[in-house]
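One-letter residues, chain by chain:
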Amino acid sequence: MKKYRKAINEFIMITIGTTIIAAAVYFFLVPSHLSIGSISGLAIVLSNFIPLPVSAITMILNVVLLIIGFLFFGKEFGTKTIYTSILLPALLALFEHIAPNNPSIMQDPFLDMICYLFIVSLGLAILFNLNASSGGLDIVAKLLNKFLHMELGTAISVSGMIVALSSALVSDVKIVVLSILGTYLNGIILDRFIFGFTIKKRVCILSEKDEEIRDFIINELHSGATAYEVVGAYNMEPRREIVAIVDKHEYMKLIGFLEKVDSNAFITVYDVSKAMYRPKALK
C-alpha cells in the first residue's frame, strides 16, 4: 500500500512539473516564436511549414522519438518517460483551446525568454528530482551518445543548439540570437534549480590548532570530519589536514570559528552538489 501511495504521489508531482513546463512553452515561447533547445522549440519552428498546431507537432515528434528510443534502448524508457512525452503535448493542446492566439505576456522577446527560463527550470527540476524527464531531446542525446560516442552532457547541448539554430529558417537575427542564448542559459539556470538548494561546502583546513578545530566540527556543528596526514612541499614537515562537508549555515559558523582560533590557517573550499552518507551516532 505504501509503495502504491509513493507511486501516486510521484505521478502527481510529475504532472505538476510537466504542467509548469507546458505553461512556460505556451505562454512565453510560442508568442515570441523563440526556439530554445527542446522538442517544443523545434515544433514552434516546424509549425511555420506544417499546417498543424504546436501541440500536434510536439506529440508527433515525441511519439516518433519514443518509438526510436524503444527500438534502440528498450527497457531504459520507463512509464515516466512515456507519461511525460504524451502529457506535455496534451497540455499544450489544452492551453491552445483555453487561450487561443495568446499574445506575448511581456511584449518583449527577451523578457519572454527570461521568464521562460526560470519557469521551465522549476518544472524540469521537479521531473529530474523524481528521475523523470520530458522526453524529446533526451532521446536524441542518447542516440548521439550511442552512435557518435559523444558524452551525454555534450550531446544534450549539441542537440539543443541545433534546435536553437533552426529558428534561423523562420525568424530574424534577434530571435535566433535569443534562442541560442536561452539554450545556453537554460542549462546554467537548471543546474541552480536542481543543485542550488542542496549544495554543500567541502572545507579543507591546515592549521596548528587542528585538535580544537576537530572538536568544534564534531561537538559544536555536530558534523563529521576526516583527518589526513600530509607533507608540506616547502619544508617537508608532516601536517594534518582536516576535511569537513558542511551546509551553508555550518560553513559560516566554521569560518567564523577559524578566523577566531587561527587566522593563519590555510583553508580551501569547494562546492559539493551532493553528499551521500549515513550519520554516525557519537558514543
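Residues numbered from 1 in each chain as written. Predicted model: local features only at pLDDT ≥ 70, side-chain atom pairs only at ≥ 80, totals over all residues. Heavy atoms only, no water.

(A) Broad picture of the overall build of the protein. Of regular secondary structure, the protein possesses ten helices and four strands. Listing each helix as α and each strand as β along the protein from the N terminus yields α-α-α-α-α-α-α-α-β-α-β-β-α-β. Relative to its length of 283 residues, the protein is extended, with a C-alpha radius of gyration of 24 Å against a globular reference of 19 Å. Its C-alpha atoms give the protein principal-axis dimensions of about 75 × 50 × 40 Å. Within the protein, contacts between residues at least 6 apart in sequence are counted, and of these 73% link residues at least 24 apart. Counting only carbon and sulfur atoms, one obtains 64% of the accessible surface of the protein, whose full area is about 16600 Å². Taken together, the 24 basic and 23 acidic charged side chains of the protein have centroids lying 10 Å from each other. (Helix = DSSP H or I, 4+ residues; strand = E, 2+ residues; numbered from the N terminus. Rg over C-alpha atoms; globule rule 2.2 N^0.38 Å. Contact = heavy atoms within 4.5 Å. Areas by Shrake-Rupley, 256 points an atom, 1.4 Å probe, with all protein chains shown as cover. Lys, Arg positive; Asp, Glu negative; His and termini not counted. Charge placed at Lys NZ, Arg CZ, Asp CG, Glu CD.)

(B) Examining the sheet that holds strand S3 (residues 238-246) more closely. Sheet architecture is open: four strands sit in the order S2-S3-S1-S4, paired in antiparallel fashion. Edge positions in the sheet fall to strand S2 (226-231) and strand S4 (266-272), since each of these pairs with one other strand and no more. Pairwise comparison of adjacent strand axes, ignoring direction, gives a mean angle of 25° for this sheet. As paired strands, S2 and S3 are joined by six bridges and run antiparallel to one another. (Pairing = 2+ DSSP bridges. Axes fitted to C-alpha atoms, helices over the stretch in contact; angles between N-to-C directions.)

(C) Summary view of the packing of aromatic side chains. Taken as a whole and assessed by the stated rule, the structure comprises five aromatic pairs. Geometrically, the ring pair formed by tyrosine 26 and phenylalanine 27 is edge-to-face, given 5.2 Å between the ring centres and 85° between the ring planes. For phenylalanine 27, a relative accessible area of 23% translates into the label partly exposed. Linked through ring pairs, Tyr26, Phe27 and Phe95 together constitute an aromatic cluster. Positioned over the ring face of tyrosine 251 is lysine 201, at 5.9 Å from the centre of the ring. (Phe/Tyr/Trp six-rings, centres within 6.5 Å; stacked < 30°, edge-to-face > 60°. Buried < 20%, exposed > 50% of the residue type's maximum accessible area, 1.4 Å probe, protein only. Lys NZ or Arg CZ within 6 Å of the ring centre and 35° of its normal.)

(D) Inspection of the nonpolar core at higher detail. One finds Ile21, Val25, Leu29 and Tyr116 to be the most contacted residues of the largest nonpolar core, which totals 40 residues. Listed by contribution, the elements that provide at least two residues to this core are helix H1 (2-32), helix H2 (39-46), helix H3 (54-73), helix H4 (79-98), helix H5 (109-129), helix H6 (137-148) and helix H8 (173-195). Take this core: its biggest share by element is nine residues, from H1. Once residues within four sequence positions are removed from consideration, leucine 29 is found in contact with Ala24, Leu34, Ile36, Ile44 and Tyr116. (Core = buried A, V, L, I, M, F, W, Y, C linked by side-chain atoms within 4.5 Å.)

(E) Geometry of the confidence of the model for the protein. Here the protein shows a mean pLDDT of 85. Residues at 70 or above account for 92%. Ranking the elements of the protein by mean pLDDT puts H6 last with 80 and strand S1 (residues 200-206) first with 92. (pLDDT = per-residue confidence, 0-100.)

(F) Examining the packing of H1 against H4 more closely. At a closest axis distance of 9 Å, the pairing of H1 and H4 adopts a crossing angle of 45°. The pairing of H1 with H4 is recorded here as oblique in orientation. Relative to H4, the crossing made by H1 is right-handed. In this structure, H1 contributes Glu10, Phe11, Ile14, Thr15, Thr18, Thr19, Ile21, Ala22, Ala23, Val25, Tyr26 and Phe27 to the contact, and H4 contributes Thr79, Lys80, Tyr83, Thr84, Leu87, Leu88, Leu91, Leu92, Phe95 and Glu96. Considering only residue class, the contact of H1 with H4 consists of 14 nonpolar, five polar and three charged. (Parallel < 35°, antiparallel > 145°, perpendicular 65-115°, else oblique. Left-handed = near helix turned anticlockwise from the far one by under 90°. Nonpolar A, V, L, I, M, F, W, Y, C, P; charged D, E, K, R; others polar.)

(G) Quick look at the pattern of salt bridges. Under the defined criterion, the tally for this structure stands at four salt bridges. Across the salt bridge formed by lysine 201 and aspartate 271, the nearest N and O atoms sit 2.7 Å from each other. On the criterion of sequence distance, the pair formed by lysine 201 in strand S1 and aspartate 271 in strand S4 is long-range, its members being 70 residues apart. Measuring nitrogen to oxygen at the nearest pair gives 2.5 Å for the salt bridge that ties glutamate 211 to arginine 240. Separated by 29 residues along the polypeptide, glutamate 211 in helix H9 (residues 210-220) and arginine 240 in strand S3 bring together distant segments of the chain. Taking relative accessible area as the criterion, arginine 240 reaches 26% and is therefore assigned partly exposed. Through salt bridges with shared partners, a single network forms among Asp210, Glu211 and Arg240. (Salt bridge = Lys/Arg side-chain N within 4 Å of Asp/Glu carboxyl O.)

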